[in-house]
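Residue strings, one per chain:
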Amino acid sequence: MIEAEGGEKLVALAKRLRKAPKELRSELTKAITQAMRPLKEAAKKSAIEKLPRSGGLGKRVAKTTLRHKRKMSGRGAGIRIEAQTNAVKDPLRIDRGRVRHPTFGHRPWVLQDVRKGWFTEPMREGAPAVQQELLQAMDRIARKIEES
């Protein structure tokens, strides 16, 4: 998991947003969604580029649904992106460089090594820019709360 600073700021803002107008809460939600979009696109592009083309693994992994989750209070507050298991059975294992698949005429299933990091590498590379964008959005919303 890639962690970035700003979780405490998010918790403090979330507390203040409870008493703020609903429009400001939706503005924060939109800012988070917009900031996460480039990371999700980069992960899908990375899957196509890094994973094997033969057999269609790269394309199938690129169809994996990536969702962002917000935790606005308590320990571990922050935003994270998770790969769902809709397109492939174990996206985490594939990210670690192993894929389990059936073979014709041999043992029913084999483990094959593939290139690591289709998901984690683009997340690490894009995290600083997303963090900056989110911190700016949180500051902008905090100023609006102060003004109201």
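Since we're looking at a predicted model, the values are computed, not measured.

**Structural notes on the side chain of K40**
Logical step 1: Inspection of the secondary structure puts K40 in helix α2 (residues 22-50).
Logical step 2: Buried charge K40 goes without a salt bridge, the closest partner of opposite sign being E41 at 9.4 Å.
Logical step 3: Those residues in contact with K40, other than ones at most four positions away along the chain, are L66, R67, H68, I81 and M123.

**Looking at the pairing of strand β4 (residues 109-113)**
Logical step 1: Bridge count for strand β3 (residues 98-102) against β4 is five bridges, and the pairing is antiparallel. Following the sheet pairing, R100 is matched in β4 by L111.
Logical step 2: Here β3 folds back onto β4 in antiparallel fashion, the turn holding six residues, of which G105 has a positive phi close to 80°.

**Things to note about the confidence of the model for the protein chain**
Logical step 1: With 97% of its residues at a pLDDT of 70 or more, the protein chain shows a mean pLDDT of 88.
Logical step 2: Considering each helix and strand of the protein chain separately, the mean pLDDT is smallest for helix α1 (residues 7-17), with a value of 84, and largest for α2, with 94.

**Some details on the pattern of salt bridges**
Side-chain pairing between opposite charges can occur once the charged atoms of the two side chains come close.
Logical step 1: On inspection of all chains with the given rule, the structure shows 10 salt bridges.
Logical step 2: Across the pair K9 and D139 runs a salt bridge, and its minimum N-O distance is 2.8 Å. With a gap of 130 residues between them, K9 in helix α1 and D139 in helix α5 (residues 120-147) connect regions that are remote in the sequence.
Logical step 3: A relative accessible area of 29% means that D139 is categorised as partly exposed.
Logical step 4: Among the ionic pairs, E27 bridges to R140, the shortest N-O distance being 3.3 Å. Taken together, the positions of E27 in helix α2 and R140 in helix α5 put the pair 113 residues apart, joining distant regions of the chain.
Logical step 5: Salt bridges sharing common partners tie together E27, R140 and K144.

**Section: the side chain of T64**
Logical step 1: Its location among the elements puts T64 in the loop between α3 (57-62) and β1 (66-71).
Logical step 2: Not counting chain neighbours up to four residues away, the residues in contact with T64 comprise K44, A83, Q84, N86, A87 and V88.

**Some details on α2**
Logical step 1: With 29 residues, α2 ought to run about 42 Å at 1.5 Å a step, and its terminal C-alpha atoms sit 42 Å apart, in line with that.
Logical step 2: At R37, α2 shows its strongest bend, of approximately 30°, with the proline P38 following within four residues.

**Remarks on the packing of α1 against α5**
Logical step 1: It is the contact of α1 with α5, at a shortest axis distance of 11 Å, that shows an interaxial angle of 30°. In terms of orientation, α1 lies roughly parallel with respect to α5. For the pair α1 and α5, the crossing hand works out as left-handed. Residues K9, L10, L13, R16 and L17 of α1 lie in contact with α5, whose contacting residues are L135, M138, D139, I141, A142, I145 and E146.
Logical step 2: Partitioning the contact of α1 with α5 into residue classes produces eight nonpolar, no polar and four charged.

**Brief notes about the nonpolar core**
Logical step 1: Of all hydrophobic cores here, the largest spans 32 residues; its most connected members are L13, L17, L28, L51, V61, I94 and W118.
Logical step 2: Mapped onto this core, the elements with two or more residues apiece are α1, α2, α3 and α5.
Logical step 3: Ignoring any residue separated from it by four or fewer positions in sequence, one finds W118 in contact with A43, S46, A47, K50, L51, V61, P91, I94 and D95.

Conventions used here
Residues numbered from 1 in each chain as written. Predicted model: local features only at pLDDT ≥ 70, side-chain atom pairs only at ≥ 80, totals over all residues. Heavy atoms only, no water. Helix = DSSP H or I, 4+ residues; strand = E, 2+ residues; numbered from the N terminus. Buried < 20%, exposed > 50% of the residue type's maximum accessible area, 1.4 Å probe, protein only. Lys, Arg positive; Asp, Glu negative; His and termini not counted. Salt bridge = Lys/Arg side-chain N within 4 Å of Asp/Glu carboxyl O. Contact = heavy atoms within 4.5 Å. Pairing = 2+ DSSP bridges. pLDDT = per-residue confidence, 0-100. Expected span 1.5 Å × (residues − 1). Bend = angle between axes of the 7 residues up to and from the residue. Axes fitted to C-alpha atoms, helices over the stretch in contact; angles between N-to-C directions. Parallel < 35°, antiparallel > 145°, perpendicular 65-115°, else oblique. Left-handed = near helix turned anticlockwise from the far one by under 90°. Nonpolar A, V, L, I, M, F, W, Y, C, P; charged D, E, K, R; others polar. Core = buried A, V, L, I, M, F, W, Y, C linked by side-chain atoms within 4.5 Å.

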